[in-house]
Amino acid sequence: MAQEYLGGGSGLSRDIATLLCHESVMSRVQVTSQRDITAMAGAPRPSLHWEQQRAANIVRLLSLYRPLLDSYIIDFFTEGLWAKLPPAWQAALEVADPPQLAAMLLGTGGMVGQGAVWPLSLLAFTTAVHALSFPRGQLGGASRPPCQSPHLHPLLRRHVKPKKQHEIWRLGKVLQRLSQATGCERVVDVGAGQGHLTRFLAFSLGLSVTAVEGDGRLVSLAEHFDQELLRELGKAQARADSRRLPHSQHHPNTDPTDPASLCPRCPQHVAGWLDPQAPGQEFLLAPTPGPALAARNPLAWPVDSEQVLLTGLHACGDLSVALLRHFVCSPQVAAVTSAACCYMKLSTCPEPTASSLPGYPLSAWVAGLPGHTLSYRAREAACHAVEEYTERLRRDSECLRIHCYRAVLETLIQAADPSKKHLGVQTVKKAHTLSFPEYARLGLTLVGLDSAAVPLDSESVCAMLCQQHKVVAFFSLVLLLAPLVETLILLDRILYLREQGFQCALVPLFNPRFSPRNLVLVAARVPLDAVLSGLDKDIHEDEDMVRGGGGQGQG
């Protein structure tokens, strides 16, 4: 039983040692750091061989721990997950306090408490995972973004949450750099939603933008926000004109809050779905059948017409993959930026055909690796916010009890009605502030069970609740693998682009403490050195302004 998560028994340490030897020379894979973008831009890119070797090593490591990765924390008690760990791991993790588990997740050292000795296999496991995972950027600074971004005009901050403000400014600067490098001023924003990124690109950066969104309601809302901004911009401009200084007293305008810093260049909005299979000319699928869509297709121009930049901010599932396919297949796309999310929604066809290509794997190399498949559970785990959970561990937060509560509840549900196993339980608001009986009564009602008929204060329930620390430690082990799964998915995309002969880079663009899916893949038909070196300047400017207190007011 104890060997189930370890596969090869005594051979495990040798297997991990081999992986670590590979990784000692593998750090050259082209993944930028927020502190080292400039240095990386001038450095030679690693050969395709090293990226391929890294992918092979990740697949090998994930294969060793696949049962751990594919486990559901709600099954902690029903399937006896703790007993499936090696006894030496159990003994070490049982005495590790939450801050030590946080150090294990981040790989910052200090995992082992005074007088405690962790088994070599556990230390090798954590070291190998961190060596193989892509860096996610610096974790310094505030755990939340400023209330209002100091970079955005107040009119562009309306209806936009602070996290999204942080993201659209940083991604917008990447697209601005790509526009300068490629000479291309047209942008197609796919999965544009309410058009927050689109408005920043058009009104603040002066780019010609077409927003593509499959939900017609969001398209209407985006157009409404555009018109609202234009009206308010007109009013602000009129007020500014009435106070304007004589021309001889004018100074260069560097104030992002000045109405004159915006240009009234309204974006175009298109309701349609991106076809993940068809390149270029069949770029869009109509949300409903209609002949008028082709005329509004942002890529339905002659092949020798003006090029476009293609972007998607947290495009869901296969949509992020479709962006890369269109870049590869259509010469009209000069460059692409892809910030992905919702990996569990990726298609994974076991036998792809010409008319049905999977979202994972994309590259020929990864597709040829034995054991490369990723379960739904593994891809779902890759979407977890590691930094957020780490912060809970550091504070020994009351929120840590939630997984234990849910695992005990699952035990009670299956005992009362086995057919309701793994039945989705709607999130209980502020569950960590409730006692377990209060939480359980709400949860049982949500799955259609009579809470009065289920004993909530039995000795067995109390015994399970006393094992909260084990649940937290086990979940921390599973979460440790999450960045490794994301690394494999994104490395597969890098290899796909490299196999087609394109330059690309993976940039930890957003702050991972409040934007978990912070890695952005950038590819272009021109060298990326100037883009990456300029991006380094932009990011330092943003960090310095936030540290200096800019944008902290509500505005």
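Residues numbered from 1 in each chain as written. Predicted model: local features only at pLDDT ≥ 70, side-chain atom pairs only at ≥ 80, totals over all residues. Heavy atoms only, no water.

J.: Mind showing me how you'd approach helix α16 (residues 401–416) here?
T.: Over its 16 residues, α16 extends 23 Å from the first C-alpha to the last, a length consistent with the 22 Å expected when each residue adds 1.5 Å. Within α16, the full set of buried residues consists of Cys404, Tyr405, Arg406, Ala407, Val408, Leu409, Glu410, Leu412, Ile413 and Gln414. Against α17 (436–446), α18 (459–465) and α19 (468–480) lie the buried residues of α16. (Helix = DSSP H or I, 4+ residues; strand = E, 2+ residues; numbered from the N terminus. Expected span 1.5 Å × (residues − 1). Buried < 20%, exposed > 50% of the residue type's maximum accessible area, 1.4 Å probe, protein only. Contact = heavy atoms within 4.5 Å.)

J.: Help me out: how do you make sense of the side chain of Arg493 in this one?
T.: Among the structural elements, Arg493 can be located in helix α20 (residues 482–499). Ignoring sequence-local partners within four residues, the contact set of Arg493 consists of Gly317, Ser320, Val321, Leu324, Ala340, Tyr343, Leu346, Leu362 and Leu521.

J.: Just to check I follow, could you spell out helix α12 (residues 318–329) for this structure?
T.: Owing to its 3.6 residues per turn, the α-helix brings residues three or four apart onto one side. Under the 1.5 Å per step criterion, the end-to-end length of α12 is 16 Å for 12 residues, consistent within 8% with the ideal 16 Å. Burial runs high along α12: 9 of the 12 residues are buried. All of the buried residues in α12 are Ser320, Val321, Ala322, Leu323, Leu324, Arg325, His326, Phe327 and Val328.

J.: Quick question: what am I supposed to make of the nonpolar core here?
T.: Most often, soluble globular proteins keep nonpolar side chains buried together rather than apart. Core analysis: the largest hydrophobic core is formed by 108 residues, its most contacted members being Leu93 and Phe125. Summarising the domain contributions, this core has at least three residues from each of domain 1 (49–109 + 119–139 + 383–481) and domain 2 (154–238 + 259–284 + 303–375 + 504–549). Of all hydrophobic cores here, the second largest spans 40 residues; its members include Phe200, Ala334, Ala505 and Val507. (Core = buried A, V, L, I, M, F, W, Y, C linked by side-chain atoms within 4.5 Å. Domains from an automatic or database assignment.)

J.: What exactly am I supposed to notice about the packing of aromatic side chains here?
T.: How two aromatic rings sit relative to each other is set out by the distance from centre to centre and by the angle between their planes. Going through the model one piece at a time under the given rule, you end up with 11 aromatic pairs. A ring pair is formed by Phe76 and Phe77, whose centres lie 5.0 Å apart and whose planes are at 85°; its orientation type is edge-to-face. Residue class for Phe76 comes out buried when judged on its relative accessible area of 2%. Within the aromatic cluster, the residues linked to one another by ring pairs are Phe76, Phe77, Trp82 and Phe474. The side chain of Arg377 reaches across the aromatic face of Tyr72, ending 5.3 Å from its centre. The ring of Phe327 is capped by Arg525, whose NZ or CZ atom sits 4.8 Å from the centre of that ring. (Phe/Tyr/Trp six-rings, centres within 6.5 Å; stacked < 30°, edge-to-face > 60°. Lys NZ or Arg CZ within 6 Å of the ring centre and 35° of its normal.)

J.: What is the right way to read the packing of α16 against α17 from this model?
T.: Any two packed helices are characterised by how steeply their axes cross, that is the angle between the axes, and by the distance between the axes. Packing of α16 against α17 leaves a shortest axis separation of 10 Å and a crossing angle of 55°. One way to sum up the angle between α16 and α17 is to call them oblique. The handedness of the crossing between α16 and α17 comes out as right-handed. Residues Tyr405, Arg406, Val408, Leu409, Leu412 and Ile413 of α16 form the contact with α17, whose participating residues are Phe436, Tyr439, Ala440, Gly443 and Leu444. By residue class, the composition of the contact of α16 with α17 is 9 nonpolar, 1 polar and 1 charged. (Axes fitted to C-alpha atoms, helices over the stretch in contact; angles between N-to-C directions. Parallel < 35°, antiparallel > 145°, perpendicular 65-115°, else oblique. Left-handed = near helix turned anticlockwise from the far one by under 90°. Nonpolar A, V, L, I, M, F, W, Y, C, P; charged D, E, K, R; others polar.)

J.: When you look at the pattern of salt bridges in this model, what are you seeing that I'm missing?
T.: Where side chains of opposite charge bring their charged atoms close, a pairing between them can arise. Counted by the stated rule, this structure contains 17 salt bridges. Between Arg498 and Glu51 there is a salt bridge whose closest N-O contact spans 2.8 Å. Separated by 447 residues along the polypeptide, Arg498 in helix α20 and Glu51 in helix α3 (residues 48–64) bring together distant segments of the chain. Assigned by exposure class, Arg498 and Glu51 land together as buried. (Salt bridge = Lys/Arg side-chain N within 4 Å of Asp/Glu carboxyl O.)

J.: Just to check I follow, could you spell out the environment of Phe510 for this structure?
T.: Structurally, Phe510 is set in the loop between β8 (503–508) and β9 (519–524). In this structure, the C-alpha to C-alpha distance between Phe510 and Glu167, residues 343 residues apart in sequence, is 6.3 Å.

J.: Where do I start with the sheet that holds strand β6 (residues 308–316) in this structure?
T.: In a beta sheet, neighbouring strands are held together by backbone hydrogen bonds and run either parallel or antiparallel to one another. If you walk across this open sheet you meet the 7 strands as β3-β2-β1-β6-β7-β9-β8, and the pairing is mixed. What marks the edges here is a single partner per strand, and that holds for β3 (268–271) and β8. Here the average twist between neighbouring strands, direction ignored, is 15°. Bridge analysis of strand β1 (residues 186–190) against strand β2 (residues 208–213) gives 5 bridges, and the strand direction is parallel. Across the sheet, residue Asp189 finds its bridge partner in β2, namely Ala211. Packed on one face of the sheet, helix α10 (residues 196–204) meets β1, β2, β3 and β6 and runs near 170° to β2. Set on the sheet, α12 makes contact with β1, β6, β7 (333–341) and β9; between it and β7 the angle comes to about 165°. (Pairing = 2+ DSSP bridges.)

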